[in-house]
Amino acid sequence: MKLKEAQALEKKHFFANYARVPLLVERGRGNYLYDENGRKYLDLVTGLAVNSIGHAHPKVVKAVREQCGRLAHVSNFYYTEPMIRLAGRLTRLSGMEKVFFANSGAEANEAAIKLARKHSREKYGAGRHEIICFERSFHGRTIATLSATGTRTYRKGFSPLAAGFRHAAFNDLASVEKNLTKKTCAIMVEPVQGEGGVYAAESEFMKGLDALRLERGVLLVFDEVQCGLGRTGRWFAFEHYGVAPDVLTLAKSLGGGLPLGAMLARGGAGGAFTPGAHASTFGANPVACAAANAFLDVLKEERLVERARRTGAGVMKKLETLGARTPGIAEVRGLGLMIAVELKKRSAKDAAAFFLENGVLVNAIRENIIRILPPFTVEEGELDRFLSLLEDFLKGAKGRGGGGK
């Protein structure tokens, strides 16, 4: 199949809800994707932070093939070794105590919302059901998680949204305190707002949320769907702050490229779900859990979390140097390998198109922000190529075409 054929079939068969990049991906290997013509592209989007160890890692491929040959699905009526093993590893890594497996970040966050409300009702009785979320946040596209999301553009056209959510200003503890009422059961926050533009929480803000949690008896829910599992240079973003949540959500990279989400909890929150309270047909799918176990093996054996920390710090320093001498950059933000470049008077879509023409994939978010979510295996020279192209774009250069064979 060729790109033009795919575009024609999309118009015929698909809803028009994706503004797709004009690229037909045929395969992936390591840090690169290849189109139908064999042209390669350095992948700094990684499926939106999913392919953290690159594409087609041999250990993940082997685990998936072997598990498919044994058991593809059985439902949560029964035990399987991959899900039990994965649950134990995640609790040990995170310090949480209980796990619920879902298929996506939205589902993990939906489970967290339900858990928070059920825990509050059982502990305090009816009336405490509101959850404080934050402006610029993104928690998913179901009605509940969209209602929790603080970015208005995602919510447009879907009213009435679900009740019970308040939105405070991010990194503004006074705003949180203003929104806290007798109806509040939880505070839900991304330690690093990814879709919002890569804004990291300030240390004092996170410590303040922890203090409010203890003072007011509310649950602290950390959405680490995008920023968790090594993306920020720590296994979990909350480790940067010395603050542990009551509830933690994960997804994206967790399944090693397959759909898998998780909601974890500790303390009293861990006992709120009882048989029948919540469920997922495909949650804890054996193949996805086998891929997740292989993914965690690779992170540990190849020391990729530490590598993400070092590589991220290095490219951030170079970006800041470039920003200091380039008037086209308004701000550079990031933590680990979760990085945003805010442009002055230039379109992020134009930048992404320029990079595509030159064989590098970046993500345009907002009108003037480009985001990169490189694989943890990215090489310094590959990021130097990104930096060189960024400088070329800001100087007005045109695309050179293609990514090579």
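Up top is the structure.
This one's a predicted model, so the numbers in the text were calculated from it and none came from an experiment.

A. Structural view of empty space enclosed by the protein. For the structure shown, the criterion picks out 1 cavity of 30 Å³ or more. Size it by volume and the largest cavity reaches roughly 40 Å³. If you trace the largest cavity, you find it lined by His73, Val74, Ser75, Asn76, Thr80, Met83, Thr281, Gly283, Ala284, Asn285 and Pro286. By residue class, the composition of the lining of the largest cavity is 4 nonpolar, 7 polar and no charged.

B. View of the side chain of Asn103. As for its position among the elements, Asn103 is in the loop between β4 (98–102) and α5 (105–124). One polar contact links Asn103 to Glu107, side chain to side chain, over a distance of 3.0 Å. Looking at Asn103, its side chain comes within polar contact range of the side chain of Ser280, at 3.3 Å. Residues within four places of Asn103 in sequence aside, it is in contact with Pro259, Leu260, Gly261, Ser280, Phe282 and Gly283.

C. Layout of the nonpolar core. Grouped together as the largest cluster of nonpolar side chains are 82 residues, with contacts concentrated most on Phe386 and Leu390. The biggest single contributor to this core is helix α10 (residues 286–301), with 10 residues. Once residues lying within four places of it in the same chain are set aside, the contact partners of Leu390 are Leu319, Leu322, Ile329, Val341, Leu343, Phe355 and Ile370. Core analysis: the next-biggest nonpolar cluster, separate from the first, contains 22 residues, Ala102, Ala112, Leu115 and Ala148 among them.

D. Fine view of helix α3 (residues 58–70). The first and last C-alpha atoms of α3 sit 19 Å apart over 13 residues, in line with the 18 Å expected at 1.5 Å per residue. Here α3 has its buried residues at Val60, Ala63, Val64 and Gln67. All buried residues of α3 lie within an arc of 95 degrees about the axis, which places them on one face of the element. Relative to its buried face, α3 has exposed residues pointing more than 90 degrees away, namely Pro58, Lys62, Arg65 and Gly69. Turning to α3, the residues buried within the fold contact α4 (81–94) and α10.

E. Region of interest: the pattern of salt bridges. As enumerated under the stated definition, the model contains 20 salt bridges in all. Between Glu301 and Lys59 there is a salt bridge, with its nearest N and O atoms 2.2 Å apart. Taken together, the positions of Glu301 in helix α10 and Lys59 in helix α3 put the pair 242 residues apart, joining distant regions of the chain. The class for Lys59 is partly exposed, based on a relative accessible area of 40%. Where Arg85 meets Asp297, a salt bridge forms, and the shortest distance between an N and an O atom there is 3.7 Å.

F. Representation of the layout of surface pockets within the structure. Estimated volume of the second largest pocket: approximately 930 Å³. For the lining of the second largest pocket, the elements supplying multiple residues, two or more each, are α4, β4 and β12 (261–265). Sort the elements by how many residues they give to the lining of the second largest pocket and β4 lands first, with 4 residues. The residue makeup of the lining of the second largest pocket, split by class, is 19 nonpolar, 10 polar and 1 charged.

G. Structural view of the sheet that holds strand β16 (residues 363–365). Reading across from one edge, β13-β14-β17-β16 is the order of the 4 strands in this open sheet, with antiparallel pairing throughout. Of all the strands in the sheet, the pair left with one neighbour each is β13 (329–334) and β16. Going across the sheet, the axis of each strand differs from the next one's by a mean of 25 degrees, ignoring polarity. Pairing of strand β14 (residues 339–343) with strand β17 (residues 369–372), which is carried by 4 bridges, proceeds in the antiparallel orientation. Among the inter-strand pairings, Ala340 is bridged to a residue of β17, identified as Arg371.

H. Representation of the state of the cysteines within the structure. With the rule as written, the count across this model stands at 0 disulfides. The thiol of Cys133 is not disulfide-bonded; the next cysteine sulfur, from Cys185, is found 9.7 Å away. Note on Cys227: no disulfide assigned, nearest cysteine sulfur contributed by Cys133 at a separation of 15 Å. Assessed through its relative accessible area of 1%, Cys227 is described here as buried.

I. Looking closely at the sheet that holds strand β2 (residues 32–35). One open sheet accounts for 4 strands, arranged β1-β2-β3-β15; its pairing is mixed. Two strands in the sheet have a free side with no partner beyond their single neighbour: β1 (25–29) and β15 (360–361).

Analysis parameters
- Residues numbered from 1 in each chain as written.
- Predicted model: local features only at pLDDT ≥ 70, side-chain atom pairs only at ≥ 80, totals over all residues.
- Heavy atoms only, no water.
- 1 Å grid on protein atoms, 1.4 Å probe; cavity = no way out; pocket = protein on both sides within 12 Å on 5 of 7 lines; lining within 4 Å.
- Points joined across faces, edges and corners; volume = space filled by probe spheres on them.
- Nonpolar A, V, L, I, M, F, W, Y, C, P; charged D, E, K, R; others polar.
- Helix = DSSP H or I, 4+ residues; strand = E, 2+ residues; numbered from the N terminus.
- Polar contact = N/O pair within 3.5 Å; in protein donor to acceptor, adjacent residues only side chain to side chain.
- Contact = heavy atoms within 4.5 Å.
- Core = buried A, V, L, I, M, F, W, Y, C linked by side-chain atoms within 4.5 Å.
- Buried < 20%, exposed > 50% of the residue type's maximum accessible area, 1.4 Å probe, protein only.
- Expected span 1.5 Å × (residues − 1).
- Arc of directions from axis to C-beta.
- Salt bridge = Lys/Arg side-chain N within 4 Å of Asp/Glu carboxyl O.
- Pairing = 2+ DSSP bridges.
- Axes fitted to C-alpha atoms, helices over the stretch in contact; angles between N-to-C directions.
- Disulfide = S-S within 2.5 Å.

Without other data, these values stay purely geometric and don't point to any function.
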